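# Per-entry structural report
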Amino acid sequence: MNKHLKASIERMSDSRRLEVTAQFTDDVLSKLADAFFQVVQQEGWGKRDLSSISGINETAVGHILAGRRKNLTVETIALLTRAMRKRPELTLHDLRPKGNNPAKLLATQRDSTSVAITNSSEIVAARAAPEINSTSPAAAIRSFADA
Amino acid sequence: MIQRESALKAAEKSGALVRYKVDLDQGEFEERRLWLRPEIDAVLRSQQLDPRQVQVVRAALRRFVLGANFTVVTADCEYREVEPIGDIRELRGYRPPFIELRFKPPKHDFRVLRRFVGKDSLVLTTYGMKSLTGKTGQKALIVSVERNRCEVAFRAAGLQINWVPPEIKSSVSKARFI
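Below or above, wherever it landed, is the structure these notes cover. The structure displayed is predicted, hence computed values, not measured ones.

## Side note on the pattern of salt bridges
Across all of its chains, the model carries 25 salt bridges over all chains by this definition. Via salt bridges that share partners, Arg89, Glu100, Arg102 and Arg111 of chain B belong to a single interconnected network.

Right, here's the structure in full:
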């Protein structure tokens, strides 16, 4: 019943786009820098050695690690991290608030009310129907939270 | 300890320092504390810097506040290759440690000089630009001058130099030092 319902979408602003990409780039670069610190301390390798291992130009390695490279490809990250004896992995943290899709909440409420309607008299159904139709998504969230 | 906390609160209240707050996502906590001098806060809010660079700065400061891994190049680091790579660079000179944070592209390096006021508690004091290729149009930073300025700013904010941890390694947790 709920599979065709779509949550509302909101377009990212330009500043938000910059913010999101800067945060992810910072996260990747900080991990690359940390890995580089480790190979420098443990293997005694430098940028030239990483360049020889990975096949990436030495200057490019320097620019990447120093955060001066604009577009960092997945391929470059894979090669560089493997050269630094690390296995790269992308972790996605779920930021979705649980049970907070207004469309689904509304539908859930409608479903549960319709069950109540079928189990009770027609008078109750007649009273309940207009209330369901007038329920806003925000109200649905509130009522879900209250429940 | 109580004296330091009350001094920091008083500095915030008087406007001598601005606490840097970040928007937390689910599962994130503020594990470190950061204060900016009002002029640095103003630069980050103004149009002086490229919007992309502002976001680069904010992303790094956010990572600091969230207590993520930080790389620190100490003053006695033997490896020249890591100097331009670490998040925090301890500047050479007398103790307590005086440190620099550099934010890279898209244009010139945005440099912020700063000092810890306790473990994982950092105060950004002065800023400037540095370019390898050309003029930045911004004031040049002379570390000795900025160090003195930082001490004046510390006193003006009611903070004491003896609160600064004597070693960089005791200033920040969850960091890799080299």
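## Quick word on the packing of aromatic side chains
Residue and element names in this part refer to chain B. Tallying each qualifying case throughout the model produces four aromatic pairs over all chains. Ring plane angle 75 degrees and centroid distance 5.4 Å describe the contact between Phe64 and Phe70, whose orientation is recorded as edge-to-face. Phe64 gets classed as buried once you look at its relative accessible area, which sits at 1%. The exposure class assigned to Phe70 is buried, which follows from its relative accessible area of 2%. For the ring pair Phe64 and Phe116, a centre distance of 6.4 Å and an interplane angle of 50 degrees mean the geometry is tilted. With Phe64 in helix α3 (residues 51-65) and Phe116 in strand β6 (residues 109-118), this pair connects stretches of sequence that are 52 residues apart. The pair Phe64 / Phe116 is uniform in exposure class, with both members buried. An aromatic cluster is defined as three or more aromatic residues linked by ring pairs; in this entry it consists of Phe64, Phe70 and Phe116. A cation over a ring is seen here: Arg32 above Phe64, with NZ or CZ 5.1 Å from the ring centre. Note that Arg147 overlies the ring of Tyr94, its terminal NZ or CZ placed 4.6 Å from the centroid.

## Topic: the packing of helix α2 (residues 47-54) of chain A against helix α4 (residues 74-83) of chain A
Residues and elements named next belong to chain A. The geometry of α2 relative to α4 is characterised by a closest axis approach of 9 Å and an angle of 115 degrees between their N-to-C directions. In the crossing of α2 with α4, the sense of the turn from one axis to the other is right-handed. Every residue of α4 that contacts α2 at Leu50, Ile53 and Ser54 is listed here: Leu79, Leu80 and Ala83. Looking at the contact of α2 with α4 residue by residue, the classes come out as five nonpolar, one polar and no charged.

## Re the environment of Lys174 of chain B
Residue and element names in this part refer to chain B. Within the secondary structure layout, Lys174 lies in the loop between α4 (143-156) and β8 (175-177). Lys174 sits 106 residues away from Ala68 along the chain, and the two C-alpha atoms are 7.0 Å apart. Those residues in contact with Lys174, other than ones at most four positions away along the chain, are Glu31, Arg32, Gly67, Ala68, Asn69 and Phe70. Within the local environment of Lys174, its side chain forms a polar contact with the side chain of Glu31, the two groups lying 2.7 Å apart.

## A short note on the nonpolar core
Leu34, Leu61 and Phe110 of chain B are the most contacted members of the largest nonpolar core, which has 31 residues in total. Contributions of two or more residues to this core are made by β2 (33-36), α2 (38-45), α3, β3 (70-73), β5 (99-103), β6 and β7 (121-130) of chain B. With residues up to four places along the chain from it excluded, the contact list for Leu61 of chain B reads Tyr20, Leu34, Leu44, Leu101, Phe103 and Leu124 of chain B. Leu29, Val40 and Met84 of chain A together with Ile85 of chain B belong to the second-largest nonpolar core, a separate cluster that totals 23 residues.

## Quick notes on the interface of chain A and chain B
With 26 residues of chain A at the interface, the matching set in chain B holds 26 residues. Between chain A and chain B the total buried area reaches about 2400 Å² when both faces are included, carbon and sulfur atoms providing 60% of it. Taken together, the links from chain A to chain B amount to two salt bridges. Close ionic contact of Asp34 of chain A with Arg176 of chain B constitutes a salt bridge, the shortest N to O distance being 2.6 Å. Along the contact surface separating chain A from chain B lie four residue pairs in polar contact (both at pLDDT 80 or more). At the level of secondary structure, the elements contributing two or more residues to the side of chain A that touches chain B comprise α1 (14-42) and α2 of chain A. Looking at the side of chain A that touches chain B, the element that brings in the most residues is α1 of chain A, giving 14 residues. Taken together, the residues that form the side of chain A that touches chain B break down as 10 nonpolar, seven polar and nine charged.

Calculation rules
Residues numbered from 1 in each chain as written. Chains lettered and ligands numbered in written order. Predicted model: local features only at pLDDT ≥ 70, side-chain atom pairs only at ≥ 80, totals over all residues. Heavy atoms only, no water. Salt bridge = Lys/Arg side-chain N within 4 Å of Asp/Glu carboxyl O. Phe/Tyr/Trp six-rings, centres within 6.5 Å; stacked < 30°, edge-to-face > 60°. Buried < 20%, exposed > 50% of the residue type's maximum accessible area, 1.4 Å probe, protein only. Helix = DSSP H or I, 4+ residues; strand = E, 2+ residues; numbered from the N terminus. Lys NZ or Arg CZ within 6 Å of the ring centre and 35° of its normal. Axes fitted to C-alpha atoms, helices over the stretch in contact; angles between N-to-C directions. Left-handed = near helix turned anticlockwise from the far one by under 90°. Contact = heavy atoms within 4.5 Å. Nonpolar A, V, L, I, M, F, W, Y, C, P; charged D, E, K, R; others polar. Polar contact = N/O pair within 3.5 Å; in protein donor to acceptor, adjacent residues only side chain to side chain. Core = buried A, V, L, I, M, F, W, Y, C linked by side-chain atoms within 4.5 Å. Buried area = accessible area lost by both parts, 1.4 Å probe.

Structural measurements only, silent on function.
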